[in-house]
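# An overview of the molecular structure
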Amino acid sequence: MLNRLKYRKQISILLLIFIFFYFIQVWSVFYYPQEMHIIKGEKKDFQVFFPFTLKVSQGSNDIVSIKDYQKLGLSLRKSYSFDTLESGIAKLQFKLFGIIPVKTVEVNIVERVHLVPGGNSIGVRLNTKGVLVVSITDIVGMDGKKYNPAKESGIRPGDNIIEIDGKRVKDAEHVVQLLNNIQSNKVSITIERNNIKFTTDVVPVKSIQDNCYRLGIWVRDKTAGIGTLTFYNKDSNMFGALGHGITDMDTGKLLNVKNGKIMGAKISEIEQGKKGNPGEIRGIFYETENVLGDITRNTPFGIYGNINGDFIKNNKIKPLPVGFQEEVKEGKAYILTTLNDNKVEKFEVEIIKAQKQSAPEQKSMVLKVTDKKLLKKTGGIVQGMSGSPIIQDGKIIGAVTHVFVNDPTKGYGLYIEWMLDQTDIDVKKVAKTKKR
């Protein structure tokens, strides 16, 4: 009797374990992304467990051809395999018992985009739109009293001053010139804050320090630094670099760019990364020499613009296909970056985590530097390497963006498709504008 009860208990436990793991597999349907990319002419498999089935939405049959088959004779699992026929958008529906829709996945069938990988060290020079307010300060007037006209009018650090009394602001010196021409009269200031423009009135105060009329602000009109070119497209001459935006060092705000340039840079010094200190690549560049291209956009996911035809002509690096996040896997990869003699070199890394992301994020994957030469030279990932392209299985899959401050051997990478989203070579737009 006791043996029979023990036997039934063991059977019950095994049954519960089976049910538990079965439902984990069943509900894995809900972890499929809302949107994904598949290359035209390639095959894709979806595994689905009973009681779910997979159907192609009406109108998508000219884009994909789907077949289903049971992998094992007695298995509850089915593998759906479909061929991608044409570029466009196919909608796949997971249905409960083949009747009730529970999830729809939008599949972009796209042409495989090819980009020329970078790795070149570049100097970056940006001119802000108007001037950026980095600090608010008091002014001592001619009467010896303190005034703060900017604060009283609602101006904040991080604001861009675009116009003063209807005149476009060129740079910091132009602000001083405009205020002293207006003198003590009330002036109209046009501000841009978080991409929203508004106007406020300010009465400048004459400073006892230099007899000049001031608003009580510190401003910045340009910035410069070192980074790495990620890619460029031969067809459009468009480039992408850095993998993250350029922000103001004082306010932390993304710089509102009027224009800028990228230039060839020469590495002058490397500070090795250590725990608590991420290290840095320092370089030299001259604004009048070796201009590689013009910057037109500064976004949270990098800087973008047009690269010079001469650079494209002289660069012998062959284009590589783009790899989408669905193709990124944990394991070996390599990055391209410059450490010595303006030479782009290959260094081994390991992707130890790849995130599933339905919207652009800067931290898409976690990298670990495994290359002994790079570890000896830099200690891992250092400032200035941002934008170094990440290559896996012969495809450009992303760019280095950040370093782990407490472990310089590790860092974050951004999926290349999030960078392409910022350009005219966005693969999603290619797919959605195709005829169906």
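We now turn to the structure provided with this report. All values reported here derive from a predicted model rather than from experimental measurement. (Residues numbered from 1 in each chain as written. Predicted model: local features only at pLDDT ≥ 70, side-chain atom pairs only at ≥ 80, totals over all residues. Heavy atoms only, no water.)

### Digging into the pattern of salt bridges
Quick note on the threshold: Any Lys or Arg side-chain nitrogen located within 4 Å of an Asp or Glu carboxyl oxygen qualifies as a salt bridge. The helix count covers DSSP runs of H or I at least four residues long, the strand count covers runs of E at least two residues long, and both are numbered beginning at the N terminus. The buried label goes to any residue with under 20% of its type's maximum accessible area, the exposed label to any with over 50%, and the partly exposed label to all in between, with areas taken from a 1.4 Å probe on protein chains only.
Taken as a whole and assessed by the stated rule, the structure comprises 13 salt bridges. Here Asp159 and Arg193 are joined by a salt bridge, their closest N and O atoms 2.7 Å apart. Of this pair, Asp159 sits in the loop between helix H2 (149–152) and strand S12 (160–164) while Arg193 is found in strand S14 (residues 187–193), placing the two residues 34 residues apart along the sequence. With respect to burial, Asp159 and Arg193 carry one shared label: buried. The salt bridge partner of Arg214 is Asp210, with a shortest N-O separation of 2.4 Å. Judged by relative accessible area, which is 33%, Arg214 ranks as partly exposed. Put simply, Glu269, Glu271, Glu280 and Arg282 are held in one network by salt bridges that share partners.

### Notes on the sheet that holds strand S31 (residues 407–415)
Test applied: Think of it this way: DSSP has to see at least two bridges between two strands before they count as a pair. Every angle, taken between N-to-C directions, lies between 0 and 180 degrees, and every axis is a line fitted to C-alpha atoms, over only the stretch in contact when it is a helix.
Read once around its circumference, the closed barrel built from six strands follows the order S26-S27-S28-S31-S30-S29, with strand pairing classed as antiparallel. Averaged over neighbouring strand pairs, the angle between their axes works out to 45° when direction is ignored. Bridging between strand S30 (residues 395–404) and S31 involves six bridges; their strand directions are antiparallel. Bridging from a neighbouring strand, His402 pairs with Tyr412 of S31.

### Looking at the nonpolar core
Applied cut-off: To qualify as a nonpolar core, a set must consist of buried Ala, Val, Leu, Ile, Met, Phe, Trp, Tyr and Cys residues joined through side-chain atoms within 4.5 Å. Any two residues whose heavy atoms approach within 4.5 Å are treated as being in contact.
Leu115, Phe231, Ile335, Met365 and Ile390 are the most contacted members of the largest nonpolar core, which has 39 residues in total. Those elements that place two or more of their residues in this core are strand S26 (331–340), strand S27 (343–354), strand S28 (365–369), strand S29 (389–392), S30, S31 and helix H6 (416–420). With five residues, S30 is the largest single contributor of residues to this core. Apart from residues no more than four positions distant in its own chain, Phe231 is found in contact with Leu115, Val116, Gly118, Met238, Phe239, Gly240, Tyr304, Ile416, Met419, Leu420, Thr423 and Ile425.

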